[in-house]
Amino acid sequence: MKKATLITGLEFIDGAIDEIVFTNPDNGYTVCRFQPESGEVITVVGSFPPLTPGEVLRIRGQWELNPRFGRQFKVDHFTLTLPSSVKGIEKFLASGLVKGIGPVLAKRIVGTFGAGTIDILTREPERLGEVGGVGAVKLKEIRRSWAEHQDIRDLIMFLQEHSVSTSLATKIYRQYGDRSFTVLKTNPYQLSLDIWGVGFKTADQIALKLGMDPGSLDRIKAYILYILEKDNEQGHIFSLASEVLEKCGTDLEVPADKAGVALDGLLKGEKVVSEEWGGGRALYLPFFYQAQEEVARSIHKLAGFPCRAPDFDLGQAVADTEKGLGMAFSPLQKLAIRESFERKILVITGGPGTGKTTIVRAVVDIFRKWGREVLLAAPTGRAAKRLLETTGQEARTIHRVLEFSPKQGTFKRNASNPLRGEALVIDEFSMVDLPLMYHLLKAVPPWMRLILVGDKDQLPSVGPGTLLRDIIESGTVDVVRLDEIFRQEKESLIVVNAHRVNQGQSLVYAPRTDKNADFYFIRQDDERKVFQTILKMCSSSIPYKLGLSPISPQIQVISPMYKGLVGVDNLNTELQARLNPGREGLQVGSREFRARDKVMQVRNDYDKDVFNGDIGIVLHADKAKFRLFVDFDGRTVSYERDELNDVTLAYAVSVHKAQGSEYQAVIMPLLTQHFIMLQRNLFYTALTRAKKLSVVIGSYKALYIAIKNDKPVKRNSLVKDKLIRLGGAEA
């Protein structure tokens, strides 16, 4: 490939970003259209922090001739500035960077103050009241936003010298305000503890560039806390001290004794908790140690509390419900229903088609006839909605049942204000992590029954812990295991194959002539052909077969990996281009959000009442104010500029993100390139997300590996051990 040829010496150009053409978020390489203060729009390339159309820059660089793209200006340095021309000021204010000012008001303001507009905003903002449409409330909003913009700009200029992005500078300012410079200069590692999305590596990069000693105890302490947090993100409740100290030596190149001193300092300062375990030491962040202790203690205490017997013939009630629902319960289903009324804590576990939903319906029906309140909850909004549809009774997310208060950051339901009702049923319990269980059990009073329903063979929760498996394996709580597939479900190859996968057996396939089967395996070893098949199926084959729109949330691609041609990231880009093309949207780094796009929330946001994994449809992308409006199940949620990293495209999702959801159709690529993720529980979870149609496209070898690999990554948890110990101590 021919390289670009430099055709001029260094030049400086003042102007504004007109349009972002391309951005690589990994290295900041950006191609944009740039409007100089005089002359025509030019193409600019170089490494930049995330930029927004309307931002004003002074760029330094050289003109080059690219053999493919032609003449473009290659930037080697830039500074953020404020516009000076009337036209530049108007475009800058109209960009949405200053809240309260849109294109129309920007035109009025510049029409009133001309080239002196920036001076007025900075020194005499009260004079904006002279402009039509600027009342007291609007003036207050503009003054606050302009002051923020000035502070953020100063912070950006300071951090730009240390290669820190504009978006991160904005997050830092939002967190610390006028304390930003103090925090950065005294302990930049605080960023990794306080700001979501900032890890040790980012904070360390800033710290070292600001002159931090690489061997300082503050740096080692920050790294230890970073390791513990990362292990929590990987699902571990604790970390092993030996591994933590080894990583300090390897990654920070510090001697073991110095890492030990840093760890001792964290233990003395109660930033870390240590516990002897298995001949070594378990290290916890304090909350997770407390949560594990309290969860084990609460389960043990609740299980031992007397259970109030129903004042009616339970066997007759089960028979009446069976008749009322027009069903014939199996012996195991009858056992589960009876145990729900005779035990303080009961676990009901089973795969698809084993009748878990029927049991919950029956239990709710009998409680209703008894005149006692039963609460229904699930970890996600989607799972709660399904619970409502199947039982006909209100079901809410666990957060809503516990009445989470975003402003206070606490749950209103707790030990001093417990839940009310005779029983609490939690569906999809495999998705519940340790922190949520900790808060849940604090709110469960001793007289309440707790019924936990889930599939122990699905993936564990995204958050720390393996609670369902730990509780079952402890043997301290009554468990009903459902293993019979019901007659109507035996006709479903999705259900039959899910159970075969669970047992490590090969799959059953429909005859080639059967056009009504609900499961298909399409053999294809070539990754590019798998990719092309996915695009065809999503755009035409499956929508036609099921009578759905190609962008329906009921058609979902689930991929084991993020990278690669058939990984989540590339599939989202390509499926968006194929299914929702040609609409102008908001450019955020290398991503673009357009109206009608399918998107997913990627972290819990209690203020907006949207949670990690929730899927919505973009209603409107407001380019003027750089806002996004998303519909989540009939509720509109808005995202400001600095919140757009909280959502991502969702034409394709990972298996973890799909957990707890059900779709009419699921398409899954399965290739040996995905080797590290070819695990039985991953494949099983993806397969059981489909209700009407599941299509797996890939190689027999990858399929064989996925079915036979029954060694899921082990998580560090002592919940089971502590439950067993509590049970033994009582005995």
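Please read all numbers here as calculations on a predicted model, not as lab measurements.

A. Broad picture of a nonpolar patch on the surface. A surface patch of nonpolar side chains, amounting to about 260 Å² of accessible area, comprises Val21, Phe22 and Tyr29. Residue classification places valine 21 among the partly exposed positions, given a relative accessible area of 46%.

B. How the structure looks around the domain arrangement of the protein. What the domain assignment reports for the protein is domain 1 (5-80), domain 2 (149-211), domain 3 (213-284), domain 4 (292-488) and domain 5 (505-708). In this structure, domain 3 and domain 5 have C-alpha centres spaced 37 Å apart.

C. Molecular detail of the pattern of salt bridges. Taken as a whole, this structure holds 33 salt bridges when the rule is applied. In this structure, glutamate 662 and arginine 386 form a salt bridge, with 3.6 Å as the shortest nitrogen-oxygen distance. Of this pair, glutamate 662 sits in the loop between helix 23 (655-658) and strand 28 (663-670) while arginine 386 sits in helix 16 (residues 381-391); the two residues are 276 residues apart in sequence, bridging distant segments of the chain. Note that lysine 563 is salt-bridged to aspartate 569, the shortest N-O span being 3.6 Å. Lysine 563 sits in the exposed class, given a relative accessible area of 59%. Residue classification places aspartate 569 among the partly exposed positions, given a relative accessible area of 36%. In the salt-bridge network here, residues are joined through shared partners; they are Lys456, Asp457, Arg469, Glu473 and Lys720.

D. Up close: the sheet that holds strand 23 (residues 615-622). Taken in spatial order, the five strands line up as 25-24-23-22-26 in an open sheet, and their pairing is antiparallel. At either margin of the open sheet sits one strand with a lone partner, and together these are strand 25 (635-639) and strand 26 (647-649). On average, adjacent strands in this sheet sit at an angle of 40° to one another, irrespective of strand direction. Strand direction decides the pairing type here: strand 23 and strand 24 (residues 627-632), joined by five bridges, are antiparallel. For isoleucine 617, the partnering residue across the bridge sits in strand 24 and is aspartate 631.

E. A look at helix 25 (residues 700-708). Within helix 25 the residues assigned to the buried category are Ala702, Leu703, Ile705, Ala706 and Ile707. In the core, the buried residues of helix 25 are packed alongside helix 20 (493-502), strand 18 (519-523), strand 28 and helix 24 (680-687).

F. Structural context of the pairing of strand 28. Buried residues dominate strand 28, accounting for eight of its eight residues. Here seven bridges tie strand 28 to strand 29 (residues 690-698), and the two strands are oriented parallel to one another. Each residue of the ladder has a partner; that of proline 669, found in strand 29, is isoleucine 697.

G. A look at the environment of glycine 177. With respect to the secondary-structure elements, glycine 177 resides in the loop between helix 5 (166-176) and helix 6 (180-186). Glycine 177 sits in the buried class, given a relative accessible area of 19%. A sequence separation of 190 residues divides glycine 177 from phenylalanine 367, and the C-alpha atoms of the two residues are 53 Å apart.

H. The sheet that holds strand 11 (residues 374-378), seen in detail. Taking strand neighbours across the sheet as the criterion, the six strands line up as 12-11-15-16-10-17 in an open arrangement whose pairing is parallel. With one partner strand each, in any of the chains shown, strand 12 (395-397) and strand 17 (478-482) form the two edges of the open sheet. On average, adjacent strands in this sheet sit at an angle of 20° to one another, irrespective of strand direction. Bridge count for strand 10 (residues 345-350) against strand 17 is five bridges, and the pairing is parallel. If you follow isoleucine 348 over to strand 17, its bridge partner there is valine 480. Docked against the sheet, helix 14 (residues 331-342) engages strand 10, strand 16 (449-454) and strand 17, running at close to 155° with respect to strand 17. Set on the sheet, helix 19 (residues 467-474) makes contact with strand 10, strand 16 and strand 17; between it and strand 10 the angle comes to about 110°.

I. Representation of the side chain of aspartate 646 within the structure. Within the secondary structure, aspartate 646 is located in the loop between strand 25 and strand 26. Here aspartate 646 falls in the buried class, since its relative accessible area comes to 5%. Those residues in contact with aspartate 646 that lie beyond four places of it in its chain are Trp196, Met600, Gln601, Val602, Arg603, Asp605 and Tyr639.

The rules behind the values
Residue numbers run consecutively from 1 along every chain, following the written order of its sequence. Residues qualify for local features only when their pLDDT is at least 70, as the model is predicted, and side-chain atom pairs are given and counted only at 80 or more; totals for whole chains, interfaces and linings, by contrast, use all residues. To get the side-chain values, all heavy atoms of the structure are used, and hydrogens and water are removed first. Patch membership needs two things, relative accessible area over 30% and no salt bridge, and members are linked within 9 Å if like-charged or within 5 Å if nonpolar (Val, Leu, Ile, Met, Phe, Trp, Tyr). In short, Shrake-Rupley with a 1.4 Å probe defines the accessible areas, and a residue's cover is counted only from the protein chains shown. The term salt bridge refers to a side-chain nitrogen of Lys or Arg lying within 4 Å of a carboxyl oxygen of Asp or Glu. Three exposure classes are used, based on accessible area relative to the maximum for each residue type with a 1.4 Å probe and protein chains only: buried under 20%, partly exposed in between, and exposed over 50%. As used throughout, domain bounds are those supplied by an automatic or database domain assignment. In DSSP terms, a helix is any run of H or I states spanning at least four residues, a strand is any run of E spanning at least two, and both are numbered starting from the N terminus. Paired strands are those between which DSSP finds at least two bridges. Whenever a helix is involved, its axis is fitted only over the stretch in contact; in every case the axis is a line through C-alpha atoms, and angles between N-to-C directions fall within 0 to 180 degrees. In what follows, residue pairs with any heavy atoms lying within 4.5 Å of each other are defined as contacts.

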